[in-house]
Amino acid sequence: KVVAVIMVGGPTKGTRFRPLSLNVPKPLFPLAGQPMVHHPISACKRIPNLAHIYLIGFYEEREFALYVSAISNELKVPVRYLREDKPHGSAGGLYNFRDLIMEDSPSHIFLLNCDVCCSFPLPEMLEAHKSYGGMGTILVIKVSAESASQFGELVADPTTNELLHYTEKPETFVSDLINCGVYVFTPDIFAAIQGVSTQRKDRANLRRLSSFEALQSATRSIPSHFVRLDQDILSPLAGKKQLFTYETRDFWEQIKTPGMSLKCSALYLAQFRFTSPDLLASGNGTRSAKIVGDVYVHPSAKIHPTAKIGPNVSISANARIGAGARLISCNILDDVEIKENAVVIHAIVGWKSSIGKWSRVQASGDYNAKLGITILGEAVSVEDEVVVINSIVLPNKTLNVSVQDEIIL
Ligand code: GDD
């Protein structure tokens, strides 16, 4: 049997996602009309003999309850949310629930970060992992040398694929091959995490007995329960024939900011053409709006037939799009109203917001820039004929004059 674990973090993580993470935990924020965590979860469907999917995080249990029960029914695989009382780090969180995870006696455990966007080639990784015969296999990808330093950089043996060297977010360039945050392990991973945790406890005890100042300050900061997968496990195990790599040549992005969520929505909408074509709006039928490229529309949304939508647009539940409106590259959340002839380009429009007649809400579309997309928080009201460019508007504001390059607090 196989078990999959998705690390979802908690409210102290994902702060770069504000103001959108003020309403909903970042893992439940919609990309291509589905919660962020839905994409890795539905990729798990392809794993043979999958017994359980666990989400591990330190958000309140009730925030995930509805989603977890709905998705369990839909996939016909039990999905459970496991809550840590405090952050234990990416490996410590997994270790915390080892007894539960081992109840199915899995031969393999997948571990996925929830904030990555890729095609999740999980069955292919498992096959490769079995052929290597190690303790773990890491999904890796080549990126540009300039961007590599934001990730774990690694060196792999070109013929055996063994992980030879691993450095987390190094200051000087090591390699353009990076860690995608998707892993498959044998249950031996628990012994490896236990090893780090015991070592920490021993050092802490030594510190209590010792008056040696240098040793004290070097080990004081990290408690023994806190174990990071990258620094504490991958780095020391590199070059020991236990860890291997599987390189993807498909798409991969990390989702730390709202701008990147818009880029990743586009990638997932494009993937729906192959995986879930039924989720893409067709634009067929005489009463339908004009659809351009990949577009998701929730069945409860109401779109006027003279509106023009796409490419890369997601429209959530109960949104209303008026006559002559034009939407390009944007994410329209629940209960939004966009009135006649408004234009929305490169923007995220928060829950219950409204955009007035002839208004424009737009941005340059530079997904990596702070103000590269325009974001309206929850219940923002843009009045008629107002233009909002490259701006972030916090929840509950009313805009009756035009703004550009501003953060409206
Ligand atoms: N449950 C739980 N508890 N989850 C956690 C905790 C924790 O204490 N700490 C982090 N996570 C989750 C995050 O929500 C995220 O999904 C994942 O673990 C990794 O988060 P970080 O440890 O903050 O690392 P990162 O995202 O900056 O970088 C990691 O992922 C990159 C790929 O996206 C590293 O492993 C990099 O090497 C890697 O390139």
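The rules behind each value
- Residues numbered from 1 in each chain as written.
- Predicted model: local features only at pLDDT ≥ 70, side-chain atom pairs only at ≥ 80, totals over all residues.
- Heavy atoms only, no water.
- Near = heavy atom within 4 Å.
- Polar contact = N/O pair within 3.5 Å; in protein donor to acceptor, adjacent residues only side chain to side chain.
- Areas by Shrake-Rupley, 256 points an atom, 1.4 Å probe, with all protein chains shown as cover.
- Patch = residues over 30% accessible without salt bridge, like charges linked within 9 Å, V, L, I, M, F, W, Y side chains within 5 Å.
- Salt bridge = Lys/Arg side-chain N within 4 Å of Asp/Glu carboxyl O.
- Lys, Arg positive; Asp, Glu negative; His and termini not counted.
- Charge placed at Lys NZ, Arg CZ, Asp CG, Glu CD.
- Helix = DSSP H or I, 4+ residues; strand = E, 2+ residues; numbered from the N terminus.
- Buried < 20%, exposed > 50% of the residue type's maximum accessible area, 1.4 Å probe, protein only.
- Pairing = 2+ DSSP bridges.
- Right-handed = clockwise from strand over helix to strand, strands pointing away.
- Expected span 1.5 Å × (residues − 1).
- Bend = angle between axes of the 7 residues up to and from the residue.
- Contact = heavy atoms within 4.5 Å.
- Phe/Tyr/Trp six-rings, centres within 6.5 Å; stacked < 30°, edge-to-face > 60°.
- Lys NZ or Arg CZ within 6 Å of the ring centre and 35° of its normal.

### Considering the site of the ligand
Here's step 1: Residues in contact with the ligand amount to 29 residues; listed here are only the nearest, K13, E84, E168, N179 and K256.
Here's step 2: Between the ligand and N179 there is a distance of 2.6 Å, counted from an oxygen atom to a backbone nitrogen or oxygen.
Here's step 3: The contact in question runs from an oxygen atom of the ligand to an N or O atom on the side chain of Q254, over 3.0 Å.
Here's step 4: In isolation the ligand exposes 740 Å². Once the protein is present, 91% of that is buried.

### As for a negative patch on the surface
Here's step 1: Taken together, the side chains of E340, E383, D384 and E385 present a region of like negative charge at the surface.
Here's step 2: You can see E383 is positioned in the loop between β26 (381-382) and β27 (387-389).
Here's step 3: Since its relative accessible area comes to 36%, E383 is described here as partly exposed.

### A look at the sheet that holds strand β16 (residues 302-303)
Strands pair in a sheet through their backbones, by hydrogen bonds, and they do so in one of two ways: parallel or antiparallel.
Here's step 1: If you trace the six strands from one edge of the open sheet to the other, you get β16-β19-β21-β23-β26-β29, paired in parallel fashion. Of all strands in the sheet, those with a lone pairing partner are β16 and β29 (398-399), marking the two edges.
Here's step 2: Taken together, the two bridges between β16 and strand β19 (residues 320-321) define a ladder with parallel strand orientation. Residue K302 lies in a different strand from β19, and its bridge partner there is R320.

### Details of the pairing of strand β5 (residues 79-83)
Here's step 1: The sheet contact formed by strand β4 (residues 50-57) and β5 spans five bridges and is parallel. Looking at the pairing, I56 lines up with L82 of β5.
Here's step 2: This β-α-β element, β4 to helix α2 (residues 61-75) to β5, shows right-handed connectivity.

### Some remarks on α2
Here's step 1: Helix length check: α2, at 15 residues, gives a terminal C-alpha distance of 20 Å against a target of 21 Å (1.5 Å per residue), a fit within 8%.
Here's step 2: Largest kink in α2: about 25°, centred on Y67.
Here's step 3: Buried within α2 we find F64, Y67, V68, I71, S72 and L75.
Here's step 4: Of the surrounding elements, those touching the buried residues of α2 are β1 (2-9), β3 (34-35), α1 (38-44), β4 and β5.
Here's step 5: Of the residues flanking the end of α2, it is K76, one or two places downstream, whose phi is positive at about 60°.

### Examining unusual backbone geometry
Comment: phi is negative for the bulk of residues other than glycine, and the bulk of peptide bonds are trans.
Here's step 1: The peptide bond linking R18 to P19 adopts the cis configuration, its omega dihedral lying at 5°.
Here's step 2: When you line up the elements, P19 lands in the loop between β1 and β2 (30-31).
Here's step 3: Note the cis peptide between G310 and P311, where omega equals 0°.
Here's step 4: Residues other than glycine seldom take positive phi values, yet F120 does so here, at roughly 45°.

### Re the packing of aromatic side chains
Here's step 1: What the rule picks out here adds up to eight aromatic pairs.
Here's step 2: Pairing F151 with W252 gives two aromatic rings, centres 5.2 Å apart and planes at 75°, and the pair type is edge-to-face. Within this pair, whereas F151 is found in the loop between β8 (136-142) and β9 (152-156), its partner W252 is found in strand β13 (residues 252-254), the two being separated by 101 residues in sequence. For the residue pair F151 and W252, the accessibility class agrees, reading buried in each case.
Here's step 3: One aromatic cluster is present, formed by F17, F29 and W351 through successive ring pairs.
Here's step 4: The lysine or arginine in question, R98, covers the ring of Y95, its NZ or CZ lying 3.9 Å from the ring centre.

### Remarks on the pattern of salt bridges
Two side chains that carry opposite charge are able to pair once their charged atoms sit near each other.
Here's step 1: What the rule picks out here adds up to 12 salt bridges.
Here's step 2: Across the pair R228 and D232 runs a salt bridge whose closest N-O atoms are separated by 3.1 Å.
Here's step 3: What makes R228 partly exposed here is its relative accessible area of 24%.
Here's step 4: We note a salt bridge from K352 to E378, for which the minimum N-O separation is 3.2 Å. Here K352 is found in the loop between β22 (343-349) and β23 (354-355), whereas its partner E378 is found in the loop between β25 (374-376) and β26, with 26 residues between them in sequence.
Here's step 5: Overlapping salt bridges, with partners in common, bring together K26, D115 and K256 in one network.

### Focus: the environment of G10
Here's step 1: Here G10 lies in the loop between β1 and β2.
Here's step 2: Classification of G10 as buried rests on a relative accessible area of 0%.

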